[in-house]
Amino acid sequence: AQSVTQPDIHITVSEGASLELRCNYSYGATPYLFWYVQSPGQGLQLLLKYFSGDTLVQGIKGFEAEFKRSQSSFNLRKPSVHWSDAAEYFCASNRDSWGKLQFGAGTQVVVTP
Amino acid sequence: EAGVTQFPSHSVIEKGQTVTLRCDPISGHDNLYWYRRVMGKEIKFLLHFVKESKQDESGMPNNRFLAERTGGTYSTLKVQPAELEDSGVYFCASSREGGGDTQYFGPGTRLTVL
């Protein structure tokens, strides 16, 4: 069965430190891959997406993600986190031509001073 | 451009009652999706409209859930009668195209069934 896995339910990081959130997918072929963020009281906001081509994708808010086919991974990174990055992050994918998204369980990021 | 809006933001009802959730997509977006997050679980797809037609309703849990999109504009999701396990956050998203086009999400409706 197709699935998206986010191994880390909760991550605590100090402000100014780097952040990496893990995402693995299991599909026969490369799906479309997405990272969304949900801040408290807000809807999900798209950070970045990967379809094909360059495996390093730049997104909004200083985030980037790298697609690694050999590892079936699409990890999200940020070199230096800000307190405003505290939120829940979701990895998602679709192989459906109509756009049905499949989500990972989410990773809650806490930023400490 | 206004984003996706959902109403109400919160709803608390008793088991057996009926609740209707509403979603207003971004103007011009033909594709409208409903998703649900039950506490402690991942966000799951419920159904997809293209204009007023249901393209995919494979994620609808059972026949207590009824979704409509009359005229291809706003959509409603009715739960009748509500059960305890229906509690969760219901998200609506819209996109101009299907496939890999960006889906814009609303803030969600938090439904609590007591």
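Above this text is the structure in question.
In short, a report on the structure.

What counts and how
Residues numbered from 1 in each chain as written. Chains lettered and ligands numbered in written order. Predicted model: local features only at pLDDT ≥ 70, side-chain atom pairs only at ≥ 80, totals over all residues. Heavy atoms only, no water. Helix = DSSP H or I, 4+ residues; strand = E, 2+ residues; numbered from the N terminus. Rg over C-alpha atoms; globule rule 2.2 N^0.38 Å. Buried < 20%, exposed > 50% of the residue type's maximum accessible area, 1.4 Å probe, protein only. Pairing = 2+ DSSP bridges. Salt bridge = Lys/Arg side-chain N within 4 Å of Asp/Glu carboxyl O. Disulfide = S-S within 2.5 Å.

This next bit is on the overall build of chain A. Along its length, chain A carries zero helices and twelve strands. In sequence order, the secondary structure elements of chain A are arranged as β-β-β-β-β-β-β-β-β-β-β-β. Computed over its C-alpha atoms, the radius of gyration of chain A comes to 13 Å, within 12% of the 13 Å expected for a compact globule of 113 residues. With respect to the principal axes defined by its C-alpha atoms, chain A has extents near 40 × 30 × 20 Å. When each of the 113 residues of chain A is scored for burial, the buried share is 46%.

Right, let's talk about the pairing of strand 3 (residues 19-24) of chain B for a bit. Residue and element names in this part refer to chain B. Of the two faces of strand 3, the one lined by Val19, Leu21 and Cys23 is fully buried and the one lined by Thr20, Arg22 and Asp24 carries no buried residue. Both strand 1 (residues 5-7) and strand 3 contribute to a ladder of three bridges, which runs antiparallel. Among the inter-strand pairings, Phe7 is bridged to a residue of strand 3, identified as Arg22. Sheet topology places strand 3 next to strand 8 (residues 75-79); five bridges connect them, and they run antiparallel. Paired with Leu21 across the strands is Leu77, a residue of strand 8.

Side-chain pairs of opposite charge can arise where the charged atoms are in close proximity. Inspection of the entire model under this criterion finds twelve salt bridges over all chains. A salt bridge links Arg37(B) to Glu88(A); the shortest N-O distance between them is 2.9 Å. Here the residue Arg37(B) occupies a position in strand 4 (residues 31-37), and Glu88(A) occupies one in strand 10 (residues 87-94), the pair thus bridging two chains. Glu88(A) gets classed as buried once you look at its relative accessible area, which sits at 13%. Across the pair Asp56(B) and Lys100(A) runs a salt bridge whose closest N-O atoms are separated by 3.5 Å. Of the two residues, Asp56(B) sits in strand 6 (residues 53-56) while Lys100(A) sits in the loop between strand 10 and strand 11 (102-103), which places them in two different chains. Asp56(B) sits in the buried class, given a relative accessible area of 17%. When its relative accessible area of 28% is taken as the criterion, Lys100(A) is described as partly exposed. When salt bridges that share partners are traced, they join Glu64(A), Glu66(A) and Arg77(A) into one network.

All names here are of chain A. One pass over the full model with this rule turns up two disulfides over all chains. The disulfide partner of Cys23 is Cys91, and the gap between their sulfur atoms is 1.9 Å. On the S-S bond that ties Cys23 to Cys91, the torsion sits near -65°, and the link is left-handed. Within this pair, whereas Cys23 is found in the loop between strand 3 (19-21) and strand 4 (24-26), its partner Cys91 is found in strand 10, the two being separated by 68 residues in sequence. By relative accessible area, Cys23 is classed as buried at 0%.

The quantities given are spatial measurements derived from coordinates; they are silent on function.
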